[in-house]
Amino acid sequence: MSAEIRTSDGELLSVKLRKVERRRRTTAFLLAAPLLFFIVFAYVIPIFQMLGRSVDNVQMNEFLSETHEVMQTWDGTEMPGEDVTSTFFYELKGLVEEKNHGKIATRLNYEKGGFTSLIKKTARKLKDFDENGNFLDQFIDVHKKWGDIEYWLALKRGTDAYHFRKYLTTFDYEQKFDGSIERIPEKKRINVTLWLRTIFVAAGVTFCCFLLAYPISHLLSVLPTRYSNLLMICVLLPFWTSLLVRTSSWMVLLQKQGVLNDTLVSLGIVADEGRLELMYNMTGTFIAMTQILLPFMVLPLYSVMKTIPPSLMRAATSMGATPFLAFRKIYFPLTYAGISAGSILVFVLSIGYYITPALVGGAKGTLISNRIAYHMQQSLDWSLATAMAAVLLVAVLIVYWLYNKIVGIDNMRLG
Amino acid sequence: MSGKKSDFVKFEQVDKSYDGKELVVKGLDLDIAEGEFLTLLGPSGSGKTTTLMMLAGFETPTNGEIYFDGNPINNIPPHKRGIGMVFQNYALFPHLSVFENLAFPLKVRKIDKAEIEERINKTLKMVSLTGFENRMPAQLSGGQQQRVAVARALVFDPKLVLMDEPLGALDKNLRESMQYELKHIHETLGVTVVYVTHDQGEALTMSNRIAVFNDGKVQQLSGPNELYETPVNSFVAGFIGENNTFTGTVKELASGSAKVETITGEIIIANPIAVSSAGEKSRISLRPERVNINPTEQIENRFEAEIKEIIYHGDHTRVRVNLLGNDDFILKVPNASSNSKLNLGDKVNLGWSSQDCRALDY
């Protein structure tokens, strides 16, 4: 055993060192704390709360809690009994008095179309009900849809506190009332098409960005500082312009009567009747997104290329490699870190891109993000919107995970 | 050396200008013999690296022609020249292992696998790096990286190897031992080496011949000892080794001897090297170790000096004196017992032979 080392005031040195270390760590944490709180309260919590909405149906469950409970004993093979219908009657009556029946109408309408009008009509007639019995017949008298067992099944299912049916909808599947999962009718399918298109556009934009950015980045890395700064400003200029302005200027350029088509027509390359469709389709989305996301590819590539000494290529050629071989075997492999960092950045950004496809994409160029926005703003089916957003988030995380597996996140360099 | 070409590499009136205004290399004529170790020595900006780069093919001469083994190579791209090169910062491929680095020039030449392995083993043995095949360059020390770079330049048996300040990044001790190692490798292989450095010690240690560059021109091309003993102009005299100088005007010029009047009015008898007529200004160069203190024998130049500073250096003592108006005149005195009586402020007699004191250009 070695003798214990003590400080001048008699304390054990190891204890004292630990204390100092703890104090140092506390200080460091306190400095980072404001940012941490900001991220947690302004970012993490809201996101998870929103994502929760994709499975959350607690409000419905509370509005119709007794009906829900009574319905658990109903097997759904034939029309519900008096216990279910009477409970539903009284709960609905309470909701009408609190003016909350509109909310359940919207919710139930997602489960089965026609529920909105059904609930509204029923709500108006509730005061005429004879509370002594035979509620089912009275419901059917109000509206014949109550005689369709599927509305009652929808009511049962629609009052579950949690459900995952929105995730099925995300991929164009639905759960039938008998519990089986099927694809929705072909002409209603849209989400899968959008998912595939989103992935295709994201991959395509990433590839186009790579093709365009590689030579520019190389040029940036070899030019004397004077010129490379100027070129860098040109590359970064889009960053300093509003995204809306940039997208709008693409609209000015690309539309049928736009600058590009006018030029082509006046040069006689295309006929006046044959003006190119460059906007409101996939072409427009591709062109505009590639331009807007280009800097995200240039910067990581540039930062990696800057570190490759020119002597490596010289060494390779001095050893007998043709310039092309030297590029393929030496230069290109050394830029993998930049290529992968730029690609993941552009891919992840474009997979969730919204404004540009919304403005220049038209019907054929919209992406999944536009669908999410549609459900957030127009159909108001926030559950579906958040389910889609959750799938998107998972997709990005998978990309990130794959990247870490293949390249390693430590190798990422972002300018 | 029979059968070896004396003009294995030949520069013929080569000019190089980067900006079209200023010549970095001016009218270079240089013959490099087969199997020799030639060093291009000079301060930065003197054109030595440009000369090397033109030979390697990374720069094109503005005028003139370069011949390699009898063939003009101005229009041959670097990858077809078959010249090995060691770069200043080694230029090892960081993503390839030592083995793969060495295999690169061989694979490019489509040599079969078994022979690649054999050649690499042989070369690694030569630079004493056997067992390091699978290391990555980043896992090697500076000296080891340097050896890999040398091995890589030699592994494909080039007839000519160029080295661009390859030892510049190493510390002093390592640099010295690598100098001997490179010299031995050169002697073993008999390969022609053109070596660029700004370090005169390095040049003197390794080279058969040294070309001293300044201002885009070769100032002197000769063996290490001639360069030191008989510099042909003031630049070479000042650049190589330590040097005492006097400036003055030539009064009389005879064959083998010139009388030069210093600014203090004294006459020094000197060996006229780069002066052609009386009345010319001249810079006189004198090596510190050629000066005798209190000479007893008859000697042509003899003056009194005052000791200003004495610095002990272990094996010798450096003495700074004021002589003929030159306050920075340095003497190197071996630390023998007879010389221990020097004291600050003493007046001493200094003498040197006219042969050792060279009258050069101003």
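Values in this document were obtained by computation on a predicted structure and should not be read as measured data.

Peer 1: Hey, could you run me through the overall build of chain B in this one?
Peer 2: When you go through chain B residue by residue, the secondary structure sums to 8 helices and 20 strands. Taken along its principal axes, the extent of the C-alpha atoms in chain B is 75 × 45 × 40 Å. For chain B, with 362 residues in total, the buried portion stands at 37%. If you take every contact in chain B between residues at least 6 apart in sequence, the share linking residues at least 24 apart comes to 64%.

Peer 1: Would you mind showing me how to read the interface of chain B and chain A here?
Peer 2: Interfaces are often sized by the accessible area lost when the parts come together. The interface is formed by 18 residues belonging to chain B together with 15 residues belonging to chain A. Sorting the residues of the side of chain B that touches chain A by element identifies strand 6 (83-86) and helix 2 (98-108) of chain B as the ones contributing at least two each.

Peer 1: Is there a simple way to think about the sheet that holds strand 15 (residues 292-293) of chain B in this case?
Peer 2: Pairing between sheet strands relies on hydrogen bonds along the backbone, with the strands arranged either parallel or antiparallel. All names here are of chain B. Read across the open sheet, the 5 strands follow the order 15-19-16-17-18; overall the sheet is antiparallel. Looking at which strands have only one partner, the edges of the open sheet turn out to be strand 15 and strand 18 (326-334). Pairing of strand 15 with strand 19 (residues 347-352) involves 2 bridges; the strand directions are antiparallel. When the bridges of strand 19 are listed, Ile293 appears paired with Leu350.

Peer 1: Got a minute to help me understand the domain arrangement of chain B in this structure?
Peer 2: All names here are of chain B. If you check the domain split of chain B, you get domain 1 (9-234) and domain 2 (244-360). Once you take the C-alpha centre of each, domain 1 and domain 2 turn out to be 39 Å apart. Partitioning the side of domain 1 that touches domain 2 into residue classes produces 2 nonpolar, 2 polar and no charged.

Peer 1: In this structure, what is going on with the environment of Ser128 of chain B? I would like to understand it.
Peer 2: Residue and element names in this part refer to chain B. Within the secondary structure, Ser128 sits in the loop between helix 3 (113-126) and helix 4 (142-154). Take Ser128: there are 11 C-beta atoms within 10 Å of it, and that puts it in the exposed class. It is 56 Å that separates the C-alpha atoms of Ser128 and Lys347, two residues lying 219 residues apart in sequence.

Peer 1: Help me understand the packing of helix 2 of chain B against helix 3 of chain B, please; the structure alone is not making it clear to me.
Peer 2: Packed helices, taken two at a time, are described by the angle their axes make and the gap between the axes. All names here are of chain B. Remark: helix 2 packs on helix 3, axes separated minimally by 10 Å, with the N-to-C direction vectors making an angle of 125°. If you check the angle between helix 2 and helix 3, you find them oblique. Crossing of helix 2 against helix 3: the hand is right-handed. On helix 3, the residues that touch Phe99, Leu102, Ala103, Leu106 and Lys107 of helix 2 are Ile116, Arg119, Ile120 and Thr123. Per-class residue counts for the contact of helix 2 with helix 3 are 6 nonpolar, 1 polar and 2 charged.

Peer 1: When you look at the environment of Ile368 of chain A in this model, what are you seeing that I'm missing?
Peer 2: Here Ile368 of chain A is to be found in helix 19 (residues 368-377). Beyond its immediate chain neighbours, meaning those up to four positions away, Ile368 of chain A contacts Leu194, Trp195, Thr198, Met388 and Leu392 of chain A.

Peer 1: Even after reading the chapter, I still don't get the domain arrangement of chain A, so can you show me in this structure?
Peer 2: Assigned domains of chain A: these are domain 1 (1-52), domain 2 (65-159) and domain 3 (193-411). Averaged C-alpha coordinates put domain 1 of chain A and domain 2 of chain A at centres separated by 57 Å.

Peer 1: What is the right way to look at the sheet that holds strand 20 (residues 357-360) of chain B in this model?
Peer 2: Residue and element names in this part refer to chain B. One closed barrel accounts for 5 strands, arranged 11-12-13-20-14; its pairing is mixed. With direction set aside, neighbouring strand axes in the sheet form an average angle of 50°. Of the pairings in the sheet, the one linking strand 13 (residues 267-272) to strand 20 comprises 2 bridges and is parallel in character. Bridged to Asn271 within strand 20 is Arg358.

Peer 1: What am I meant to see in the pairing of strand 10 (residues 217-222) of chain B here?
Peer 2: Regular strands place their side chains on alternate faces of the sheet. Residues and elements named next belong to chain B. Alignment of strand 9 (residues 209-214) against strand 10, held across 5 bridges, turns out to be antiparallel. Bridge pairing in strand 10 places Ala211 opposite Leu221. Turn length for the strand 9-strand 10 hairpin, with the two strands adjacent in sequence and antiparallel, is 2 residues, and the turn residue Asp215 shows positive phi of about 55°.

Peer 1: I tried to follow the packing of helix 12 (residues 243-254) of chain A against helix 14 (residues 282-306) of chain A on my own but got confused; where do I start?
Peer 2: Residues and elements named next belong to chain A. Running from N to C, helix 12 and helix 14 cross one another at 135°; their axes reach a closest spacing of 11 Å. Classed by the angle they form, the pair helix 12 and helix 14 counts as oblique. In terms of crossing hand, the pair formed by helix 12 and helix 14 is right-handed. Of helix 14, the residues touching helix 12 (which contributes Leu243, Arg246, Thr247, Trp250 and Leu254) are Gly284, Ile287, Ala288 and Ile292.

Conventions used here
- All residue numbers refer to positions counted from 1 along the written sequence of the respective chain.
- Starting at A for chains and at 1 for ligands, labels are handed out in the order in which the entities are written.
- Local features are withheld for residues below a pLDDT of 70 in this predicted model, meaning they are given only at 70 or higher, and side-chain atom pairs are given and counted only at 80 or more; totals for whole chains, interfaces and linings count all residues.
- Secondary structure elements follow DSSP: runs of H or I no shorter than four residues count as helices, runs of E no shorter than two count as strands, and numbering proceeds from the N terminus.
- Counting other C-beta atoms within 10 Å of a residue's own tells you its class, since 20 or more makes it buried, 12 or fewer makes it exposed, and anything in between is partly exposed; those C-beta atoms are placed from the backbone.
- With C-beta atoms placed from the backbone, a contact is any residue pair whose C-beta atoms sit within 7 Å.
- A pair of strands counts as paired when DSSP detects no fewer than two bridges linking them.
- What fixes the domain bounds is an automatic or database domain assignment.
- Residue polarity follows a fixed list, in which Ala, Val, Leu, Ile, Met, Phe, Trp, Tyr, Cys and Pro are nonpolar, Asp, Glu, Lys and Arg are charged, and the others, Gly among them, are polar.
- For helices, the fitted line uses only the C-alpha atoms of the stretch in contact; every axis is such a line through C-alpha atoms, and the angle between N-to-C directions lies from 0 to 180 degrees.
- Under this scheme an angle from 65 to 115 degrees is roughly perpendicular, one under 35 degrees roughly parallel, and one over 145 degrees roughly antiparallel; angles in between are oblique.
- Crossings are classed by handedness, with left-handed meaning an anticlockwise turn of the near helix from the far one by less than a right angle and right-handed meaning a clockwise turn.

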